[in-house]
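Here are the chains, one letter per residue:
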Amino acid sequence: MTTPHLITIPSPAVAPSAARDFDFLMGPWRIRNTRLVRRLAGCNDWEVFDAIGTVHPLPASIGNYDSFTPQAWKPGFVGMALRVFSPESQRWSIYWLDNLTGGLDPATGQLLPPVVGGFQNGVGLFEGEDLFEGRPVRVRFEWSQMHTGAPRWQQAFSDDGGATWEVNWVMEMARPV
C-alpha cells in the first residue's frame, strides 16, 4: 500500500477586507451629541446631550448594529443603526431605526432607504436619498477620527442635490471610564 503525498498549496495574499471597516466601533461608548434644533431652516441654535451606545457584530462578518440611548433627551427614545456590508460591491448600507418611526416607510412597511458608501483615505462617506418634512433631501454620514480612540460621526442634509450641505448632528465618542 502506498502512502499518498500531501501537497501544500500556498494561500494567496489576502488584502484587508472592507468588511472590517467598522471594527473600530465595536463595544460600549459614551456619546456627546450636538444637534441642530431646526434643520434646513437657517437655524444656528444647537442642543447638546449625552447618550450611551454599544456596537455588536452581526454573524459571519455581514455587518454590525448598535444601540443609542440618550440619557435625558427625549425620554424613552431608543435608536439603532444597522450596518450591512456587501462583499460584491465592497460597500456598506446603513439603516437608522428608532422606537418613534421604526425606520419604516409607513405606506409599505419596508425599511427606509439606507445611506450607502465606504471608507477612503481615513474618512467614511455614506450618502442616500430621504424625505425631511415631506421634501426630498440628500443625506450624508461622515465618519472620521476612527483610529484616535475617539471617533466622530456627523450627519448633513442637502436640499439642492448636493451642491451645499448643512451639518445638523455631530456625535463625539469616548469609551466609558
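A brief structural summary. Counting from 1, residues in each chain are numbered in the order their sequence is written. Where local features are concerned, this predicted model is filtered to residues with pLDDT of at least 70; where side-chain atom pairs are given and counted, the filter is 80 or more; whole-chain, interface and lining totals use all residues. Each side-chain value is worked out from all heavy atoms of the structure, with water and hydrogens disregarded.

## What about the sheet that holds strand 9 (residues 152-158)?
Pairing within the closed barrel is antiparallel, and its 10 strands lie in the order 1-2-3-4-5-6-7-8-9-10. Averaged over neighbouring strand pairs, the angle between their axes works out to 25° when direction is ignored. When DSSP finds at least two bridges between two strands, those strands are taken to pair. Only DSSP runs of H or I covering at least 4 residues are called helices, and only runs of E covering at least 2 are called strands; the numbering of each starts at the N terminus. Where helices are involved, their axes are fitted lines through C-alpha atoms of the stretch in contact, as for all axes, and angles between N-to-C directions lie from 0 to 180°.

## Looking at the pairing of strand 3 (residues 63-70)
Regular strands place their side chains on alternate faces of the sheet. Pairing geometry for strand 2 (residues 46-57) and strand 3, over seven bridges, is antiparallel. From the neighbouring strand, Thr-54 faces strand 3, where its bridge partner is Ser-67. What sits between strand 2 and strand 3 in their antiparallel hairpin is a turn of five residues, with Ala-60 showing a positive phi close to 60°. Bridge count between strand 3 and strand 4 (residues 79-86): six bridges; the pairing is antiparallel. Looking at the pairing, Tyr-65 lines up with Leu-82 of strand 4.

## Overview of the layout of surface pockets
Points on a 1 Å grid over protein atoms alone make up a cavity when a 1.4 Å probe fits among them but cannot get out, and a pocket when they form an open set with protein on both sides within 12 Å along at least five of seven lines; lining residues each have an atom within 4 Å of a point. Grid points are joined across faces, edges and corners, and a volume is the space filled by probe spheres set on the points. In this structure, the largest pocket encloses a volume near 1,200 Å³. Residue lining of the largest pocket: 44 residues in total, with Arg-39, Trp-96, Asp-98, Asp-130 and Gln-155 positioned closest to the centre. Three categories are distinguished: nonpolar for Ala, Val, Leu, Ile, Met, Phe, Trp, Tyr, Cys and Pro, charged for Asp, Glu, Lys and Arg, and polar for the others, with Gly belonging to the last. Split by residue class, the lining of the largest pocket holds 29 nonpolar, six polar and nine charged.

## Description of the pattern of salt bridges
Pairing of side chains with opposite charge becomes possible as their charged atoms draw close. Only one rule defines a salt bridge in this text: a Lys or Arg side-chain nitrogen within 4 Å of an Asp or Glu carboxyl oxygen. Summed over the entire model, instances satisfying the criterion amount to eight salt bridges. Note that Asp-66 is salt-bridged to Arg-83, the shortest N-O span being 2.6 Å. Linking Asp-66 in strand 3 with Arg-83 in strand 4, this pair joins segments that are 17 residues apart in sequence. Across the pair, exposure class does not vary: Asp-66 and Arg-83 are buried alike. With its nearest N and O atoms 4.0 Å apart, the salt bridge here joins Asp-159 to Arg-135. Of this pair, Asp-159 sits in the loop between strand 9 and strand 10 (166-174) while Arg-135 sits in strand 8 (residues 135-144), placing them 24 residues apart in sequence. One network of salt bridges, in which partners are shared, links Glu-127, Glu-129, Arg-138 and Arg-140. Burial classification: accessible surface area is computed with a 1.4 Å probe over protein chains only, and a residue below 20% of its type maximum counts as buried, one above 50% as exposed, and the rest as partly exposed.

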